Amino acid sequence: MSSENSPQNPALPEPGTEPRKPRVAVVFGGRSSEHGISVVTGGAVLGSIDRSRYDVLPIGITTEGGWVLTADEPARMAITERTVPDVDALAEPGEGTVVLPVAPGSREVLYSEPGSVPKALGDVDVVFPVLHGPYGEDGTFQGLLELAGIPYVGSGVLASAVGQDKEYMKRVFTSFGLPVGPYLVIRPREWGADEAAARARVIEFAGEHGWPLFVKPARGGSSVGITKVDGPEGLDAALAEARRHDPKVLVESLLRGREIECGVLEFEDGPRASVPAEIPPVQAHDFYDFEAKYIDSAPGLVPAPLTEEQTAEVQRLAVEAFEAASCEGLVRADFFLTEDGGFVINEINTMPGFTPISMYPRMWQESGVDYPALVDQLVQAALRRSTGLR
């Protein structure tokens, strides 16, 4: 990559002129069932990014997959009256679509309307994709940015895919010696060939590990589509709900213990872990589901009431998980502190919930990095990296 296009120096000025500010495209929404919470995250980032340091371009992706310009109005992107926002309500009037460059060497974003010559929106130096779930957090969007040669916040294609697919995430962790709990996977082909046999496997798994079980989409997030199943009578509905979001289903046994989370953030000298947090039992909710997280704002304990030794151990494991999956930028690692005193890793999130009430920003706030500084750190980490093999 030539020096003119280098992400370390995205805006070389003409002699005698002021350098332009790096331009950040904040992309939110998307086609997954986590569309709404992605819009909320986008609003939080737009409202906190330092406009004296960065120019900002808000881009929304509709639930149908269309790319649109949106109003730069963070206040309209919050949860109101228990309802999450959507991109369609924020889109600028008209039928125009946003078009990214398709080849390295150009970072100029275009706006195309039917019957009109495309309009140039200017170069983008870094993309901040606050997309959750499939078609955004799973490596597909990251691959598009790699093809375009545009730096971006967060993990690359492989780590994003591993972080989205809970089966392969657990396989990677196991290969690196990280402790994981018992689980079972039902693949689409298996379900299509013999539903009764697939269901029998779950019953057998429950016979070995006990009820209750958690049935969830294998490639979902934000606790969408997850059901706690207390016995065989609730299994069919739980499987149907998980499959509504993902044809591949993950079944996990209940791990009795405390839910502990830890954030990892990439600094110039490498990844560091935040103070951990604890998710206490949620009143009025059977477990820490979507409504508990985002609608009822269930409080977490930050920092978690752990011993110094426990804190150091969960921080070590969080960084190890970050490295094992080849992550970049940021990760929230979720653990269980079991009744025997050991930590078991449940999952990582390569683009965790990033609203002001989300645990990841709260953990870093307690660690001395407030929300605007956290956004800045992530953008700077992205600008330091090149695209392609690294």
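Please refer to the structure higher up on the page.
This section reports on the structure supplied with the text. (Residues numbered from 1 in each chain as written. Predicted model: local features only at pLDDT ≥ 70, side-chain atom pairs only at ≥ 80, totals over all residues. Heavy atoms only, no water.)

Turning next to unusual backbone geometry. Cis geometry is found at the peptide bond from W211 to P212, where omega equals 0°. Structurally, P212 is set in the loop between α6 (195-209) and β9 (213-217). With phi around 65°, Y135 is a residue other than glycine that occupies positive phi space. Relative to the assigned elements, Y135 resides in the loop between β7 (126-129) and α2 (140-148). By relative accessible area, which is 44% here, Y135 ends up partly exposed. (Helix = DSSP H or I, 4+ residues; strand = E, 2+ residues; numbered from the N terminus. Buried < 20%, exposed > 50% of the residue type's maximum accessible area, 1.4 Å probe, protein only.)

Attention shifts here to the packing of helix α3 (residues 157-164) against helix α4 (residues 166-175). For any two helices packed against each other, the geometry is given by the interaxial angle and the distance between the axes. Look at α3 against α4: their axes get within 5 Å of each other, and the N-to-C directions meet at 105°. As judged from the angle between their axes, α3 and α4 are roughly perpendicular. Each of V162, G163 and Q164 in α3 lies in contact with α4, whose residues at this interface are K166, Y168, M169 and V172. In terms of residue class, the contact of α3 with α4 is made up of four nonpolar, two polar and one charged. (Axes fitted to C-alpha atoms, helices over the stretch in contact; angles between N-to-C directions. Parallel < 35°, antiparallel > 145°, perpendicular 65-115°, else oblique. Contact = heavy atoms within 4.5 Å. Nonpolar A, V, L, I, M, F, W, Y, C, P; charged D, E, K, R; others polar.)

Now for the nonpolar core. Within the largest apolar cluster, 33 residues are counted, with the highest numbers of intra-cluster contacts made by V26, F28, F128 and F354. Every element with two or more residues in this core is listed here: β1 (23-29), α1 (35-48), β7, β12 (257-267), α10 (359-366) and α11 (371-384). With seven residues, α11 is the single largest residue contributor to this core. (Core = buried A, V, L, I, M, F, W, Y, C linked by side-chain atoms within 4.5 Å.)

Attention shifts here to the environment of P352. Mapped onto the elements, P352 comes out in the loop between β16 (343-349) and α10. Separated by 21 residues in sequence, P352 and V331 have C-alpha atoms that sit 6.8 Å apart. Ignoring any residue separated from it by four or fewer positions in sequence, one finds P352 in contact with H132, L330, R332 and Y360.

It is worth spelling out α2 at this point. Within α2 the residues assigned to the buried category are F141, Q142, G143, L145, E146 and A148. Of the residues trailing α2, G149 is marked for its positive phi of about 75°.

Across all of its chains, the model carries six aromatic pairs by this definition. Every member of this aromatic cluster is reached through a ring pair, and the members are F128, F354, Y360 and Y371. We note R171 situated over the ring of Y168; from NZ or CZ to the ring centre the distance is 5.9 Å. Note that R272 overlies the ring of F267, its terminal NZ or CZ placed 3.9 Å from the centroid. (Phe/Tyr/Trp six-rings, centres within 6.5 Å; stacked < 30°, edge-to-face > 60°. Lys NZ or Arg CZ within 6 Å of the ring centre and 35° of its normal.)

Across the sheet, which stays open at both edges, the three strands sit in the order β4-β5-β6 with antiparallel pairing between neighbours. Where the open sheet ends on each side, the last strands, each with one partner, are β4 (97-99) and β6 (119-123). Recorded for the sheet is a direction-independent mean angle of 25° between the axes of neighbouring strands. Sheet topology places β4 next to strand β5 (residues 108-112); three bridges connect them, and they run antiparallel. Among the inter-strand pairings, V99 is bridged to a residue of β5, identified as L110. (Pairing = 2+ DSSP bridges.)

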